[in-house]
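Letter by letter, the chains look like this.
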Amino acid sequence: MTKRVTILGSTGSIGESTLDLVRRAEPGDIQVVALTANSNAELLAAQAVEFDAKFVALADEKNAASLKAALSGTNTEIGIGSEALIEAASRQADFCMAAIIGAAGLEPTLAAVDQGIHVGLANKECLVCAGDLFMQRVKEKGATLLPVDSEHNAIFQVLERDKPEGVRRLILTASGGPFRETSLETLRKVTREDALNHPVWSMGAKISIDSATLMNKGLELIEASYLFERPSAEIDIVVHPQSIIHSMVEYIDGSVLAQLGSPDMRTPIAYAMGWPDRMAAPVERLDLTKLSGLTFFEPDTKKFPALRLAREALEAGGKAPCVLNAANEIAVAAFLEGQIKFLDIARVVENALDQHAARSCFGTSPGHVNDIIVTDEDARLTAHEHIVSL
Ligand code: NAD
Ligand code: MG
């Protein structure tokens, strides 16, 4: 049977890897329903033509004319603006890959969840900023969430979900990023290019910076807590530079189950898109005899305070993770634009958390998407004001 697939954020790193798997699938196995992008009209149009997409949505209106010109004479329908992203996610499909970056992915991903279909969740930020609400909606609508983030995908594969009482803790692995061995002194001076140069994974710019600050692992800690319904105290993080073990689950009898593989996102993407069946992925096979060793370290939260901040935000609950995420998005964008230094990223986030803790109560979870949007905008403003004052 043909699987109807939609990809939100098809022009990004995860989006392109997903399309690479679609391209290699047997003819007739997968049909592309809808594709979306923020502003890259040229690539979106090329994808629409190659995959004969029924619908494409472009968030940024500035490039609408070039998208329309590139697709004139084709059968692909075009939508422009944020409403069009929701429409793309609402078109009937069997599987939706949620691969927009940042909180911008929340509403389109919720629209996919509302269809009650299989949703491949790459967009960790939407679970960070709206964890309770998001998981509640998944339950209400009977959607199936398939984690794409490699760590969460690993846990999903080895977790006995029907027997939660047997689980002792989740162990998330972290590569440690490009600055694992860099001194705090040198961290003050690292450049955008240094930070974008991840030693193991090839990813989009924002998540690459998050990996360098370890905020990525902090966001993943919060993501894991909501996805697998475990408190902070039951989720450990261990640095594992080779990124061969993608994460683990420890059971009460002492067994530790792990998922291993080459560091290539096409494995978790194939797992999510194929589920409950396995789908072939053209990744480098793991040759255990060629591995030079697997090593593990405690993360250094003095050098990488973002990880501490994320854990604090998770434990504070309510709106704190949303504030953390929004301030981080603004800080990372400012770092990428050369407005702030690397170590300022965590400072901006910490300041936003402090400001919002002083003004509001973190204790209550946002009950409505509008509450999240307001909290998110407020935290962005706080972060922005702080950046300007630096
Ligand atoms: P990316 O920056 O390469 O691509 C992001 C996609 O989202 C693009 O298609 C872009 O056009 C779209 N987009 C960006 N801003 C948008 C906006 N405001 N409105 C609508 N669309 C917008 O990002 P990525 O690396 O592919 O990451 C996507 C998601 O997957 C992120 O949440 C990231 O944390 C998660 N993730 C990525 C990887 C990876 O290896 N790249 C691994 C694990 C998880
Ligand atoms: Mg990850």
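Model, not experiment: these values are computed from the prediction.

Thoughts on the coordination of the magnesium ion (ligand 2)
Argument step 1. At this site the magnesium ion (ligand 2) is bound by Asp149 (OD), Glu151 (OE) and Glu220 (OE), with donor distances of 2.1 to 2.2 Å.
Argument step 2. Motif for the magnesium ion (ligand 2), donor spacing along one chain: D-x1-E-x68-E. Here the residue Glu151 occupies a position in helix α7 (residues 150-158), and Glu220 occupies one in helix α11 (residues 215-228), the gap between them amounting to 69 residues. No difference in accessibility class separates Glu151 from Glu220, as the two residues are buried.

Considering the pairing of strand β5 (residues 95-98)
Argument step 1. Burial along β5 is two-sided: the residues Phe95 and Met97 and Cys96 and Ala98 are all buried.
Argument step 2. Bridge analysis of strand β1 (residues 3-8) against β5 gives 4 bridges, and the strand direction is parallel. Residue pairing in the sheet places Val5 in a bridge with Phe95 of β5.
Argument step 3. By the bridge criterion, 4 bridges tie β5 to strand β6 (residues 118-121) in an arrangement that is parallel. The residue of β6 that forms the bridge with Met97 is Gly120.
Argument step 4. Tracing the backbone out of β5, into helix α5 (residues 106-114) and back to the parallel element β6 gives a crossover that is right-handed.

Quick look at the site of ligand 1
Argument step 1. Around ligand 1 there are 23 residues in total, and Thr11, Ser13, Ile14, Asn38 and Glu125 lie nearest to it.
Argument step 2. Within the contact set of ligand 1, an oxygen atom lies 2.8 Å away from a backbone nitrogen or oxygen of Asn38.
Argument step 3. Contact with the protein chains covers 86% of the free accessible surface of ligand 1, which is 820 Å².
Argument step 4. Among the elements of the structure, α1 (13-24) and α6 (124-141) are those that each provide at least two residues to the shell around ligand 1.
Argument step 5. When grouped by side-chain class, the residues that make up the shell around ligand 1 number 12 nonpolar, 8 polar and 3 charged.

About the criteria used
Residues numbered from 1 in each chain as written. Chains lettered and ligands numbered in written order. Predicted model: local features only at pLDDT ≥ 70, side-chain atom pairs only at ≥ 80, totals over all residues. Heavy atoms only, no water. Donors = N, O, S within 2.8 Å, 3.2 Å for Na, K, Ca; no water. Helix = DSSP H or I, 4+ residues; strand = E, 2+ residues; numbered from the N terminus. Buried < 20%, exposed > 50% of the residue type's maximum accessible area, 1.4 Å probe, protein only. Pairing = 2+ DSSP bridges. Right-handed = clockwise from strand over helix to strand, strands pointing away. Near = heavy atom within 4 Å. Polar contact = N/O pair within 3.5 Å; in protein donor to acceptor, adjacent residues only side chain to side chain. Areas by Shrake-Rupley, 256 points an atom, 1.4 Å probe, with all protein chains shown as cover. Nonpolar A, V, L, I, M, F, W, Y, C, P; charged D, E, K, R; others polar.

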